[in-house]
Amino acid sequence: MSSMVWGWVTDFFTYETTKSVVVKSWSVGIINRIVQVLIIAYFVGWVFIHEKAYQVTDTGIESSVMTKVKGFGGHHNRIMDVADYVFPQQGAAVFCIMTKLIITENQFQGKCAETQKIYNCSTDDDCQQHLGSILTNGRITGVCLPNMTESGGQCEIEGWCPAENDSIDPEPMLDVENFTIFIKNSIRFPLFNIIRGNFPSNMTSNEIKRCTYDPDTSPFCPIFRVGDVLKFTGQNVSSLAKGGEIGINIEWKCNLDLSIEYCTPKYSFTRLDAPFAKNAVSKGFNFRFAKYFKEQNDTEFRTLHKAFAIRFDVMVTGVAGKFDTIPTLINVVAAFTSIGLGTVLCDLILLNFLKGADQYKAKKFEEVSEAQIEASLARSPSSQLSIKDGMKSSGDSGAISLATADQPV
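Rules behind the numbers
Residues numbered from 1 in each chain as written. Predicted model: local features only at pLDDT ≥ 70, side-chain atom pairs only at ≥ 80, totals over all residues. Heavy atoms only, no water. Helix = DSSP H or I, 4+ residues; strand = E, 2+ residues; numbered from the N terminus. Buried < 20%, exposed > 50% of the residue type's maximum accessible area, 1.4 Å probe, protein only. Contact = heavy atoms within 4.5 Å. Areas by Shrake-Rupley, 256 points an atom, 1.4 Å probe, with all protein chains shown as cover. Salt bridge = Lys/Arg side-chain N within 4 Å of Asp/Glu carboxyl O. Phe/Tyr/Trp six-rings, centres within 6.5 Å; stacked < 30°, edge-to-face > 60°. Lys NZ or Arg CZ within 6 Å of the ring centre and 35° of its normal. Pairing = 2+ DSSP bridges. Patch = residues over 30% accessible without salt bridge, like charges linked within 9 Å, V, L, I, M, F, W, Y side chains within 5 Å. Lys, Arg positive; Asp, Glu negative; His and termini not counted. Charge placed at Lys NZ, Arg CZ, Asp CG, Glu CD. Axes fitted to C-alpha atoms, helices over the stretch in contact; angles between N-to-C directions. Parallel < 35°, antiparallel > 145°, perpendicular 65-115°, else oblique. Left-handed = near helix turned anticlockwise from the far one by under 90°. Disulfide = S-S within 2.5 Å. Polar contact = N/O pair within 3.5 Å; in protein donor to acceptor, adjacent residues only side chain to side chain.

### Details of the overall build of the protein
What the protein contains, in helices and strands, is ten helices and 18 strands. Counting the 409 residues in the protein, one finds 34% classified as buried. Here the contacts in the protein between residues at least 6 apart in sequence split such that 67% fall between residues at least 24 apart. Entry remark: accessible area of the protein is about 26,400 Å², with carbon and sulfur atoms responsible for 56%.

Here it is as structure tokens:
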């Protein structure tokens, strides 16, 4: 019993190694080295240098955006300022700058004729079919009102009268190109507790007032000329006369292994509603708002505005990274493991495509049948197939352990 236990102990504290087959082939050797070089180049160039896989990253950026628009424009024979053409006025990350305006003045509650041509009628029956329509300027009553100037008539509506006539096409306010947008963005990466702003802290008030953003000469200026923003997206005020949506993306990519001063924003611009630019349905962007008044007899009336506007969305994205031991070790181990793919590829070539594949299989794999095992046991129950005295077999396929007696003296 003690000898059996001692045998288990000696078997446990042994070292096992697999048998290697050296193949002296130029073609296979070159393929093996090329694959290994490509794998190493991938991990060094892409994984470690480009993707910085040795860093722990934080993508949960916290951001605050404040905006302010300035400029004056002429429209409807009046000079318009920020309070007239910017909506909403609170300076949020999403705001609109009006390009043109349709004004319907002195509307009172009552009944009047619809102005849209699809509601032309000859009899009341023509209007009955539009009952319940939500595309009108008021509630359809089902009555056909005769047109005093033309033949036929228009369906009657109940609501704010006179009805809006949005077939009018005023000239856009081209002064929009000279308006400026001031963007103030502060961000924080909570994992590293890093707080940054989108313009240098040492930039003075006079420098900010005089600068205008330019990707080459003034990349950190927080003031953007609207015409330049539209130009970066391949648009202009004329092409966006009926409105549109422009995205201003502030991207933060911060390598915290370097100085914090290199953690700076990069701006990019795009037209977000481009898929609908050539669509006949829901083209552009517009909205309505009204200003309400009362007469001396408390009768309420209003001035309705239909505004076509360019909507600006300021979007903030970011990632910060810093060296960390754990991701570095994980990717180093993955790199060394992947180098073994060269061996797998070379084995496939040797076993299937080159001359002498059968000889290579014979060297690499040893096949033992049950008949051979039974015959060997019948000859010598204490011996093992093709194993010399003093040599022990291993539980691992293709491995043997050498006893001390087999070592050269």
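Still more to cover.
### Things to note about the environment of Ile-194
Relative to the helices and strands, Ile-194 resides in strand β11 (residues 194–197). The class of Ile-194 is buried, set by a relative accessible area of 19%. For the pair Ile-194 and Cys-263, spaced 69 residues apart in the sequence, the C-alpha separation amounts to 9.7 Å. Residue contacts for Ile-194: discarding those within four places in its chain leaves Ile-187, Arg-188, Phe-189, Leu-256 and Ile-260.

### Describing the pattern of salt bridges
According to the stated counting rule, one finds ten salt bridges in the structure shown. The salt bridge partner of Arg-288 is Asp-166, with a shortest N-O separation of 3.8 Å. Here Arg-288 is found in strand β15 (residues 286–294), whereas its partner Asp-166 is found in the loop between β9 (153–161) and β10 (180–189), with 122 residues between them in sequence. Of the residues examined, Arg-288 reaches a relative accessible area of 42% and is grouped as partly exposed. Residue class for Asp-166 comes out partly exposed when judged on its relative accessible area of 32%. Note that Glu-245 and Arg-311 form a salt bridge whose closest N and O atoms lie 3.4 Å from each other.

### Here we look at the packing of aromatic side chains
Under the definition given, this model contains 19 aromatic pairs. Plain terms: the ring middles of Tyr-85 and Phe-179 are 4.4 Å apart, the flat faces sit at 15° to each other, and that makes the pair stacked. Here Tyr-85, found in helix α3 (residues 82–85), pairs with Phe-179, found in the loop between β9 and β10; they are 94 residues apart in sequence, far enough to count as distant. Here Tyr-85 and Phe-179 have matching classes, each one buried. An angle of 35° between the planes, with centres 4.9 Å apart, marks the rings of Tyr-213 and Phe-224 as tilted. Note that Tyr-213 is positioned in the loop between α5 (205–210) and β12 (223–225) and Phe-224 in strand β12, a separation of eleven residues in sequence. Using a relative accessible area of 1% as the deciding quantity, one classes Phe-224 as buried. Among the aromatic residues, ring-to-ring pairing joins Tyr-213, Phe-224, Phe-232, Tyr-267 and Phe-269 into one connected group. In this structure, Lys-100 packs its charged tip against the face of Phe-308, placed 5.2 Å from the ring centre.

### Observations regarding the pairing of strand β6 (residues 94–113)
Two strands pair when backbone bridges link them, and strand β5 (residues 86–87) and β6 are joined in this way by two bridges, in the antiparallel orientation. Following the sheet pairing, Phe-87 is matched in β6 by Cys-96. Taken together, the six bridges between β6 and β9 define a ladder with antiparallel strand orientation. Paired with Ala-113 across the two strands is Glu-156, which belongs to β9.

### With respect to a positive patch on the surface
A contiguous patch of positive charge on the surface is contributed by Lys-68, Lys-70, Lys-184 and Lys-209. Mapped onto the fold, Lys-184 is located in strand β10. Since its relative accessible area comes to 39%, Lys-184 is described here as partly exposed.

### Thoughts on the packing of helix α2 (residues 26–50) against helix α7 (residues 325–339)
Contact geometry for α2 and α7: axes closest at 9 Å, N-to-C directions at 160°. As the angle between them shows, α2 and α7 are arranged roughly antiparallel. As for the relative orientation of α2 and α7, their crossing is right-handed in sense. On the side of α2, the interface is formed by Gln-36, Ile-39, Ile-40, Phe-43, Val-47 and Phe-48, while α7 contributes Asn-331, Val-332, Ala-334, Ala-335, Ser-338 and Ile-339.

### Focus: the state of the cysteines
Covalent bonding between the sulfur atoms of two cysteines defines a disulfide. As enumerated under the stated definition, the model contains five disulfides in all. Across the disulfide from Cys-211 sits Cys-221; the S-S distance is 2.0 Å. Disulfide Cys-211-Cys-221: the torsion about the S-S bond is 80°, which places it as right-handed. Here Cys-211 is found in the loop between α5 and β12, whereas its partner Cys-221 is found in the loop between α5 and β12, with ten residues between them in sequence. Cys-211 gets classed as buried once you look at its relative accessible area, which sits at 15%. On the accessibility criterion, Cys-221 (3% relative accessible area) is buried. Here Cys-254 is linked by a disulfide to Cys-263, with a sulfur-sulfur distance of 1.9 Å. For the disulfide bridge between Cys-254 and Cys-263, the dihedral angle about the S-S bond is near 60°, and by the sign convention the bridge is right-handed. With cysteine numbering restricted to those in disulfides and following the sequence, the protein has the pairing 1-6, 2-4, 3-5, 7-8, 9-10.

### A few points about the side chain of Glu-114
With respect to the helices, strands and loops of the structure, Glu-114 is situated in the loop between β6 and β7 (120–121). Despite being buried, Glu-114 has no salt bridge partner; Arg-288 is the closest side chain of opposite charge, sitting 9.1 Å away. Of the polar contacts made by the side chain of Glu-114, one reaches the side chain of Thr-115; its length is 3.4 Å. In this structure the side chain of Glu-114 is engaged in a polar contact, spanning 2.7 Å, whose partner is the side chain of Asn-137. Glu-114 has contacts with Tyr-119, Thr-136, Asn-137, Gly-138, Gln-154, Cys-155, Ile-157 and Ala-163, leaving out every residue within four places of it along the chain.

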